[in-house]
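Next come the chains, spelled out residue by residue.
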Amino acid sequence: MSKSRDDTTGMTPALSRTVARARRVMAVERLAVVLTPFLSAVAFVVALALFGLWQVLPAPIAIGATVLAAAGLLFSLVPLRHYRAPSDAEARRRVEERSRFVHRPVETLADHHSADPNDVEGKRLWAAHVERARDAVRAAKTGRFEPNIARSDPWALRIVPALLLFIAVLFAQGDAGDRLRAMVDPRFATPVSEAKRIDAWVTPPVYTGEPPLFLTQSQAGDEDTLDASAHRYSVPQNSVLTIRVTPGDGVELVSGDQGDVTQIEAGRLTATANAVAPATFETEVETSTAFRLLAEGQEIRAWAFDIVPDTPPEIAFLEPPQQAISGALTLSYFLRDDYGVTAAEAEIEQIAPNGDAGRPLFEAPELPLMLPQARVRDGEASTTRDLQAHPWAGSQVSLTLRATDEAGQIGRSEQHLMTLPERTFHNPLARAIVEQRRVLALNGDAIVPVTTALDALSYGADRFFDDTNHYLLLRSAYWRLQNADTDDELRDLVGYLWDIALYIEDGDLSVAERRLRDAQQALMDALEDGASDAEIERLMSELRQAMADFLRELAENAEQMPQGAEMPPMDPSQMLSSQDLDRMLDQIENMARSGARDAARQLLAEMQRMMENLRNARRMPQNMQGDGQMSEALQQLQEMIQRQQELMDQTFRLDQQGPQNGEPQQGQPGQQQQPGQGLGQSLQDQLNQLGQGQQALREQLEELMRQLGEMGMGNNESLGQAGEAMGRAEGNLRGEQPGQAVGDQGEALSNLRAGTQSMMESMMEAEGQDGENGNPLSQRDPLGRPQRTEGPDLGNTVKVPDEIDVQRAREILQELRRRLSEPQRPKIERDYLERLITPY
């Protein structure tokens, strides 16, 4: 197949282009070899410029550096004079070598036939040779770009300038243009502030919970502004300002305005004699002020700070300190702080009568206060602590609450004057011993009068002491006081007198009671200190054992209680069984294991109040618990409450058995049910029986109210309302309206309970116990739990978790029953409510 070819040679156009391309590649390869020194020099000079050399050099030296760099660049062009352009023959030879041709076919095609023109055989032979050459060069190629730079640079020094340039580009980032122009124009030279790397930040105190504030980042893009007022920051008080400058030579940090300058202490400057070492400044920002950073006397940066003050914590009484019937001291208070209260306690100081303080043998009792949560910022709390065993119990003191925040600031409440609660001893001898104990504890110099009193108390052992042990114990205390020489011996005697009084009052029960209190306090301390799970488990085991011993001793001593000393009859929904105590202990242990130790502490404190009320229930004066008639009246009311509950449950079940309210009766489509119509004879009989029972209960209540009037109890409005509700329920039952009767019976039940509560409060008031201030029965059940029946506002009492809040569950059940008895509710809702309360 014929192909176009060069007119003078046998080379095809494609081969000619390949040879031309090979010639250009060879030219570039030779230029790369001779220009490598120049390019390396350029890279080195540009790298120095990007590193900021011309920006830190003085102007004359910078100009000299520019001239030197230009001379070096020109000198690096010297190898260019050895450059020689490649010839066509060299290009053809390159194609043959890169294509690995043999017999030089490219050169053959470029050659001419030089034989005699009349030599026909010679021409034929040349033509055949050219055709073979054309077939051989079909795969002709130029080859890769391969400059032979290694021959002139065997040590690969050319890599060094290239690597420096790469690092310099990363270092310069957005300032590359100004740094390069600074080589030829001094106006682009960077000021001293740009010649130094400045890192500045403010670290707020840890307890604020605020993150560090980075100052240099906030000034990005605004470096020309040096006025401190342009960069004002609000930072918490006691924040730490840290400034690091590199290099740190000639750097100063001053605070204050221009007219009132304070230089930061030199000791805060961390720098060495090396000019490139960093200078680090650290100072607390305590007041609103400005800081200026100077380098060689020139201001390079400035910051101004407005302090957000850390105010002292606030603490105050929510109500005056209360004394429970158990004798424990209850403090209710609120706390507030901008960053959180970390600790609180009550400060107790003795008020000496007639200004004579004496020589107390014991320090004031320590009374740490519970916090609603760690680092509480705004909350309310209540702390109950039994101080009856402390020697100061019964003395006049001033009480002040103190709160402390993380910064160590202290806030105090107003001072409250009171008498520290003391245990009530019913045994006259025990009461006299405790009084002498207090006299000795508050004045170690009162040995003579206390000795005289003890001697008088032990007079007439055969006539006045029923138990010889009491006499022997008292005489041993007398002789120990006679022989006491040191204050430590007197302190031991004070504790000994307390043990004697407890033994005379309680017998062996006081030992179990003390072990229970110690176990409770040990567990409370462990929860506050973050003890390990193993330690919590051990203390929980000790508490369970101590509680079991106490309850056993309490049961064994129950027979020794005076006649009528039991607690007044109460609503069974307010009673607490031993199973409830076990569940509370399990709940405390589970909370502690799961990490909810604040909730565990609150629940433990609640249980402590319960046990204190249980311990003191048997100590209530006989007259405080009511005479036989009042106790019998309360018992009757309790039986009425139970009977009314049974009647309401029976009425509710009958209402569910009958046709739904509002549904038409069979055979009477569209007609509404009328009283006395549509109910079976059996259901009517049952409703009549319930009506008779409701009538009997109402008459019994009226008789009881008459008896109470004769006893001088006055008119009980709640019981009167209960009687009216019973009458309405009776009428609805006889009128075959059980749905409406359920609502009336629920109202009667609620009023019965309110009337019982009112009677109990009246009994307490008769004994001088104000129901609002000191009557635990009006605010708590026998074991100290808050009564939910008094409304949602329970003050600051600790809330027991819902899992063990039995009273709340009963209220919910009553509400479901009330809604189920309302005929106007849709049938689908009534069916749903019925499924909720059905036990199967």
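Residues numbered from 1 in each chain as written. Predicted model: local features only at pLDDT ≥ 70, side-chain atom pairs only at ≥ 80, totals over all residues. Heavy atoms only, no water.

### Here's the deal with the environment of Met726
Let me state the cut-off plainly: Only DSSP runs of H or I reaching four residues or more are called helices, and only runs of E reaching two or more are called strands; each is numbered from the N terminus. Using a 1.4 Å probe on the protein chains alone, a residue whose accessible area is under 20% of its type maximum counts as buried, one over 50% counts as exposed, and one in between counts as partly exposed. Any two residues whose heavy atoms approach within 4.5 Å are treated as being in contact.
Looking at the secondary structure, you find Met726 in helix α22 (residues 717-734). With a relative accessible area of 0%, Met726 lands in the buried category. Remark: the alpha-carbon pair of Met726 and Arg698, spanning 28 residues in sequence, is separated by 6.0 Å. Apart from the residues within four sequence positions on either side, Met726 is in contact with Gln644, Gln694, Leu697, Arg698, Leu701, Ala748 and Leu752.

### Let's talk about the nonpolar core
For clarity, the cut-off: For this analysis, a nonpolar core means a set of buried residues of the types Ala, Val, Leu, Ile, Met, Phe, Trp, Tyr and Cys, connected via side-chain atoms within 4.5 Å.
Of all hydrophobic cores here, the largest spans 54 residues; its most connected members are Leu331, Tyr333, Leu369, Leu523 and Met607. Of all the elements in the fold, those that place two or more residues in this core are β10 (314-317), β12 (329-350), β14 (376-385), β15 (396-405), α16 (509-529), α17 (533-556), α18 (578-594) and α19 (597-617). Excluding residues within four positions of it along the chain, Tyr333 makes contact with Ile315, Ala316, Phe317, Leu318, Leu369, Met370, Gly379, Glu380, Ala381, Ser382, Thr383 and Leu401. Counting 32 residues, the second-largest nonpolar core is a separate cluster that includes Met630, Leu637, Ile641 and Met648.

### Points about the packing of aromatic side chains
Here is the rule: When two rings of Phe, Tyr or Trp (its six-membered ring) have centres within 6.5 Å they constitute a pair, described as stacked for plane angles under 30 degrees, edge-to-face for angles over 60, and tilted for the intermediate range.
Applying the stated rule across the entire model yields five aromatic pairs. When the centroid spacing of 5.8 Å and the interplanar angle of 50° are considered together, the rings of Phe51 and Phe171 count as tilted. Separated by 120 residues along the polypeptide, Phe51 in the loop between α1 (13-50) and α2 (53-56) and Phe171 in helix α7 (residues 159-172) bring together distant segments of the chain. Judged by relative accessible area, which is 35%, Phe51 ranks as partly exposed.

### Section: helix α14 (residues 468-482)
Heads up, the rule is: Here a helix's expected span is defined as the number of its residues, less one, multiplied by 1.5 Å. Summarising the geometry, the arc corresponds to the directions from the helix axis toward the C-beta atoms.
If you check α14, its first and last C-alpha atoms are 21 Å apart, about what 15 residues at 1.5 Å a residue would give, namely 21 Å. Within α14, burial applies to His470, Leu474, Arg475, Ala477, Tyr478 and Leu481. Projected onto a plane normal to the axis of α14, the buried residues spread over an arc of 155° and lie on a single side. Elements that come into contact with the buried residues of α14 comprise α11 (428-442), α12 (447-457) and α15 (487-506).

### Focus: the packing of α1 against α7
Here is the rule we go by: Every angle, taken between N-to-C directions, lies between 0 and 180 degrees, and every axis is a line fitted to C-alpha atoms, over only the stretch in contact when it is a helix. We call two directions roughly parallel when the angle between them is under 35 degrees, roughly antiparallel when it is over 145, roughly perpendicular when it lies between 65 and 115, and oblique otherwise. Definitions for this section: a left-handed crossing has its near helix turned counterclockwise from the far helix by less than a right angle. A right-handed crossing has that turn clockwise. Each residue gets one of three labels, nonpolar for Ala, Val, Leu, Ile, Met, Phe, Trp, Tyr, Cys and Pro, charged for Asp, Glu, Lys and Arg, and polar for the others, Gly among them.
One way to put it is that α1 packs onto α7 with a least axis distance of 8 Å and a crossing angle of 25°. The angle between α1 and α7 falls in the class roughly parallel. The two elements α1 and α7 meet at a crossing, and its hand is left-handed. Taking contact as the criterion, the partners of Ser40, Ala43, Phe44, Val46, Ala47 and Leu50 in α1 are, on α7, Pro161, Ala162, Leu164, Leu165, Ala168, Val169, Phe171 and Ala172. Of the residues that constitute the contact of α1 with α7, the class distribution is 13 nonpolar, one polar and no charged.

### What about α15?
Taking 1.5 Å of rise per residue, 20 residues should cover 28 Å, and α15 covers 29 Å from first to last C-alpha, within 8% of that figure. All buried positions along α15 are accounted for by Leu490, Leu493, Val494, Tyr496, Leu497, Trp498, Ile500, Ala501, Leu502, Ile504, Glu505 and Asp506.

### A look at the side chain of Asp337
Cut-off, in case you're wondering: Positive charges come from Lys and Arg, negative ones from Asp and Glu, while His and the chain ends are left out of the count. The salt bridge criterion pairs a side-chain nitrogen of Lys or Arg with a carboxyl oxygen of Asp or Glu, the two atoms within 4 Å.
By the secondary structure assignment, Asp337 is in strand β12. No salt bridge is formed by the buried Asp337; the nearest opposite charge belongs to Arg377, separated by 7.1 Å. Once residues lying within four places of it in the same chain are set aside, the contact partners of Asp337 are Thr311, Pro312, Pro313, Arg377 and Asp405.

### Examining the sheet that holds strand β7 (residues 279-285)
For clarity, the threshold we go by: At least two DSSP bridges between two strands are needed for those strands to be called paired.
Spatially, β2-β1-β4-β7 is the arrangement adopted by the four strands of the open sheet, whose pairing is antiparallel. Strands at the two margins of the open sheet, each flanked by one partner only, are β2 (213-214) and β7. In the sheet, strand β4 (residues 239-246) pairs with β7 via seven bridges, with the strands oriented antiparallel. Its bridge partner being in β7, Leu241 is matched across the sheet by Thr283.

### Description of the confidence of the model for the protein chain
Low pLDDT means the predicted atomic positions in that stretch should not be read closely. Inclusion rule: The predictor's confidence in any single residue is recorded as pLDDT, a number from 0 to 100.
In this model, the protein chain carries an average pLDDT of 75, and 76% of its residues clear a pLDDT of 70 or more. Here strand β6 (residues 260-263) stands out as the element of the protein chain with the lowest mean pLDDT, 46, in contrast to β10, whose mean of 92 is the highest. In the model, residues 1-8 has pLDDT below 50 throughout and makes 10 contacts with residues more than four positions away in sequence or in other chains. Across residues 265-275, confidence stays below pLDDT 50; counting only partners more than four residues off in sequence or on other chains, it has 16 contacts.

### Thoughts on the pattern of salt bridges
Tallied over the entire structure, the rule returns 34 salt bridges. A salt bridge links Arg359 to Asp487; the shortest N-O distance between them is 2.8 Å. A residue pair is termed long-range when its members are at least 10 positions apart, and Arg359 in the loop between β12 and β13 (367-368) and Asp487 in helix α15 qualify at 128 residues. For Arg359, a relative accessible area of 28% corresponds to the partly exposed category. For Asp487, a relative accessible area of 28% puts it in the partly exposed group. Residue Arg491 is joined to Asp488 by a salt bridge in which the shortest nitrogen-to-oxygen separation is 2.7 Å. Placement of the pair is Arg491 and Asp488 together in helix α15, with a separation of three residues, close to one helical turn. For Arg491, a relative accessible area of 30% gives the class partly exposed.

### Side note on the environment of Ala407
Structurally, Ala407 is set in the loop between β15 and β16 (410-412). Residue classification places Ala407 among the partly exposed residues on the basis of a relative accessible area of 35%. Residues Ala407 and Asp310, spaced 97 residues apart in sequence, show a C-alpha to C-alpha distance of 8.2 Å. Residues in contact with Ala407, not counting those within four places in the same chain, are Tyr207 and Asp310.

### With respect to unusual backbone geometry
Residues other than glycine seldom take positive phi values, yet Arg100 does so here, at roughly 60°. Within the secondary structure, Arg100 is located in the loop between α4 (88-99) and α5 (105-110). The exposure class of Arg100 is exposed, given its relative accessible area of 76%. For Asn238, which is not a glycine, the phi torsion comes out positive at approximately 70°. If you trace the backbone, Asn238 turns up in the loop between β3 (232-236) and β4.

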